[in-house]
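Inside the fold
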Amino acid sequence: MENAMAVNNDPIEVPVFTQSGEKTLLPRNEFADGLLPAATAYQIVHDQAMLDGNARLNLATFVTTYMDKEAKLLYAQTVDKNMIDKDEYPATAAIEDRCWRMLGNLWHVPNPEDTIGTSTIGSSEACMLGGLALKRHWQEKRKAEGKSIEKPNIVLSTAVQVCWEKFTNYFEVEPRWVPVDKEHLWLDGHDLEKYVDENTIGVVAIMGQTFTGAYEPVKEISAKLDEIQEKTGLDVKIHVDGASGAFIAPFCQPELEWDFRVPRVASISTSGHKFGLVYPGVGWVVWRDNERLPDSMVFHCAYLGGDLPTLALNFSRPGAQVLLQYYQFLRLGREGYRAIQQNCLDVAQYLSSAIAEMGPFELVTKGDTIPVFAWTLKEGASPNWTLYDLEDRLRMKGWQVPAYPMADDLGDMTLQRIVVRNGLSHDLATLLLNDMKTEVAFLEKLDGPMPHEERTASFHH
Ligand SMILES: *Cc1c(COP(=O)(O)O)cnc(C)c1O
C-alpha cells in the first residue's frame with residue numbers, strides 16, 4: 001500500500017540508492033537473467049510510479065483517489081479475494097448481491113423480488129452487459145415473430161463515452177449517432193423519430209455526459225419514445241449510463257426522475273469507482289426486472305446451496321472492491337453520500353463561477369448536475385493562446401486540467417474541464433484558482449502567439 005516502507009534486505013546495510021541494482025539501468029523490454037532484492041525492486045517501481053504525478057491533483061479523472069484509513073486497511077486485508085470464486089468466498093458473494101440490490105432500491109426498482117444485477121470491473125463492462133441484454137431481448141422477440149435479426153441498431157449521442165463505441169464495434173450493432181450541435185450538446189430526444197426503427201435495440205441516455213457533465217433528460221427522451229410508440233407501435237427501451245450521475249442524483253437531486261421511475265428504463269449502469277467512492281475497479285448494472293435480462297445470458301451455478309445466476313464478461317477480478325463498496329454503503333449511508341456529493345457540487349460551483357468571472361472563459365456547464373463542468377475560450381477574445389496552453393501552464397504547477405475537442409460534429413470546439421472529486425476541498429480549490437489567475441495573466445500578456453508544437457487531440461474520458 002501507499003505507506004508501506006521499503007525494507008532493506010541487504011545484510012551489510014548498503015544505503016538505499018547505492019545498492020547494486022539501483023546504480024544501473026534496469027531492463028525495460030526483456031527479462032533480466034538474475035534476481036533483485038525485493039527492497040531494490042520495490043524502490044525502483046515505486047520511484048517510476050512517482051513520475052505519474054499526484055493523483056489527487058488530477059482533475060481530469062472521475063475515478064476515486066481518496067479513501068479513508070479503515071477502507072485502506074480493509075483493502076489490504078482482502079486483496080487476495082477473487083470475485084468469481086463464489087463458492088470459496090460465499091460471504092463476499094453475498095455482499096455483492098446486497099450491493100446491487102441496495103442500488104436497485106436507490107434507483108426505485110419496482111419490485112425488489114423481481115430484479116437482477118451484478119458487479120463488474122467498471123461501467124464499461126456494465127454498459128456492455130446492458131447493451132447486450134437489449135440486443136438479446138430484441139433478437140429473441142424478433143425471432144419469435146419470424147423477423148430478421150440481421151441489422152440491430154442502437155441510438156445514442158455522438159458525445160457518448162468511448163465504451164459505447166466499443167460496444168457497437170465489438171458486438172456488431174450499428175450505431176445510430178445523433179449528432180451534437182450548438183443547440184443540442186447532448187441527447188434530448190429531438191428528431192429521435194429519424195433514428196429509431198424496427199431494428200432499434202434501445203436508446204442510450206447518459207447521466208453525466210463525459211464531455212460536459214450534463215444530464216441527458218431521460219424523462220424527455222422517454223416521452224419522445226412514447227410518441228414514437230403511439231405512431232409506429234415500436235416499443236423502444238432505454239439503458240441509462242449513469243457512470244457518475246447514478247451516484248449523485250439519488251442523493252442530491254432526488255426529485256429528478258431519470259431511473260426506474262421512468263417505465264421505459266430497462267437497465268442502469270454505474271461506476272462504483274467514480275462517485276461510488278471506491279478505488280478502481282468496480283462497476284454495477286441492475287435491470288428493472290428479470291424479463292429485461294434474457295435468461296439466455298445468465299449462467300446458473302449452484303453456489304451457496306442455491307441457484308446463483310452469474311453474468312459477466314470477465315471471469316477473475318478483484319473481490320476487494322466489492323467489499324469496499326459495501327464498506328462505503330455502511331459507513332456513509334444516504335446522509336454521508338449526500339454530504340460528500342453535495343460538497344463536491346458546492347466546490348464545483350464555487351470554481352465554475354470564479355472561472356466565469358475571470359473574463360476570457362465561457363461556461364458550457366456549471367457543475368450543478370454531477371460535480372463536473374466545462375468551459376470554452378470566448379471567441380476572438382484571446383488570439384495568442386488556447387486552452388491547451390493553459391492546460392500546459394497548469395501542468396507545470398502540478399494540476400491536470402485537460403483541454404480537448406468536443407465530439408464529432410463540434411470537433412473544432414475546444415473544451416476544458418474540471419472533475420471535482422471527494423478530496424478536492426474548498427481550500428485546495430482556492431489554490432487552483434490562484435494558479436489559474438496567475439497563468440491566465442501570463443498568457444494574456446503575450447504579445448504574439450504562444451509557440452507550440454502541433455498538438456494531437458488527447459481526450460480524457
Ligand atoms: C467513465 C464513464 C464510462 C466508463 O466507465 P469505466 O468505469 O471507466 O469503465 C462510461 N460512461 C460514462 C458516461 C462515463 O463517465
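Residues numbered from 1 in each chain as written. Predicted model: local features only at pLDDT ≥ 70, side-chain atom pairs only at ≥ 80, totals over all residues. Heavy atoms only, no water.

The name that an unreviewed UniProt entry assigns to the protein is Glutamate decarboxylase, with the source organism given as Gordonia iterans. Under the heading Catalytic activity (unreviewed entry), UniProt records this for the protein: "L-glutamate + H(+) = 4-aminobutanoate + CO2". Per UniProt, the protein carries the Sequence similarities (unreviewed entry) text "Belongs to the group II decarboxylase family." (UniProt positions renumbered as here; feature names shortened; annotations may be inferred.)

Remarks on the environment of Gln400
With respect to the secondary-structure elements, Gln400 resides in the loop between α9 (387–396) and β12 (403–405). Spatially, the C-alpha atom of Gln400 lies 20 Å from that of Glu444, the residues being 44 residues apart in sequence. (Helix = DSSP H or I, 4+ residues; strand = E, 2+ residues; numbered from the N terminus.)

Re the pairing of strand β1 (residues 116–120)
If a strand is regular, its side chains alternate between the two faces of the sheet. Of all five residues that make up β1, five are buried, and the element is covered over most of its length. Side chains of β1 alternate between two faces, with Ile116, Thr118 and Thr120 and Gly117 and Ser119 buried alike. With five bridges connecting them, β1 and strand β7 (residues 283–287) associate as antiparallel partners. Within β7, the position partnered with Ile116 by the bridge is Trp287. (Buried < 20%, exposed > 50% of the residue type's maximum accessible area, 1.4 Å probe, protein only. Pairing = 2+ DSSP bridges.)

Focus: the site of the ligand
Near the ligand, the surroundings consist of 13 residues, among which Ser123, Ser124, Asp241, His273 and Lys274 are the closest. Ser123 is positioned such that a nitrogen or oxygen atom in its backbone is 2.7 Å from an oxygen atom of the ligand. Contact between the ligand and Lys274: an oxygen atom at 2.8 Å from a side-chain N or O atom of the residue. Against a free-state accessible area of 380 Å², the protein chains account for coverage of 90% of the ligand. By residue class, the composition of the shell around the ligand is three nonpolar, eight polar and two charged. (Near = heavy atom within 4 Å. Polar contact = N/O pair within 3.5 Å; in protein donor to acceptor, adjacent residues only side chain to side chain. Areas by Shrake-Rupley, 256 points an atom, 1.4 Å probe, with all protein chains shown as cover. Nonpolar A, V, L, I, M, F, W, Y, C, P; charged D, E, K, R; others polar.)

Things to note about the pattern of salt bridges
Throughout the structure, instances matching the rule amount to 21 salt bridges. For Glu96, the salt bridge goes to Lys86, with nearest N and O atoms at 2.7 Å. Placement of Glu96 in helix α3 (residues 90–106) and of Lys86 in the loop between α2 (69–78) and α3 is noted, with a sequence separation of ten residues between them. Judged by relative accessible area, which is 4%, Glu96 ranks as buried. What emerges from the salt-bridge pattern is a single network uniting Asp226, Asp235, Lys237 and Arg264. (Salt bridge = Lys/Arg side-chain N within 4 Å of Asp/Glu carboxyl O.)

Regarding the confidence of the model for the protein
Confidence along the protein averages 92 in pLDDT terms, with 94% of residues attaining 70 or more. Counting interchain partners and residues more than four positions distant, the pLDDT-below-50 stretch residues 1–6 has seven contacts. (pLDDT = per-residue confidence, 0-100. Contact = heavy atoms within 4.5 Å.)

Here we look at the pairing of strand β2 (residues 153–157)
Judged by how many residues are buried, β2 sits mostly within the fold: five of five residues are covered. Here β2 pairs with strand β3 (residues 174–178) via five bridges, running parallel. Of the residues in β3, the one forming a bridge with Val155 is Arg176. For the segment spanning β2, helix α5 (residues 162–170) and β3, crossover handedness is right-handed. (Right-handed = clockwise from strand over helix to strand, strands pointing away.)

What to know about unusual backbone geometry
That bond from Pro280 to Gly281 is cis: its omega, 5 degrees, falls within 30 degrees of zero. Non-glycine residue Glu172 carries a positive phi angle of around 50 degrees. Position of Glu172 relative to the elements: it lies in the loop between α5 and β3. The backbone of Asp191 sits at a positive phi, close to 60 degrees, despite the residue not being glycine. Mapped onto the elements, Asp191 comes out in the loop between β3 and β4 (200–206).

With respect to helix α6 (residues 218–232)
An ideal rise of 1.5 Å per residue puts 21 Å on 15 residues; α6 measures up with 21 Å between its terminal C-alpha atoms. Taken as a whole, α6 has its buried residues at Val218, Ile221, Ser222, Lys224, Leu225 and Ile228. Take α6 and look down its axis: the buried residues cluster within an arc of 160 degrees, on one side only. Exposed side chains of α6 directed beyond 90 degrees from the buried face belong to Glu230 and Lys231. Buried residues along α6 sit in contact with β4, β5 (238–241) and β6 (265–271). Count one or two residues on from α6 and you reach Gly233, which has phi positive near 85 degrees. (Expected span 1.5 Å × (residues − 1). Arc of directions from axis to C-beta.)

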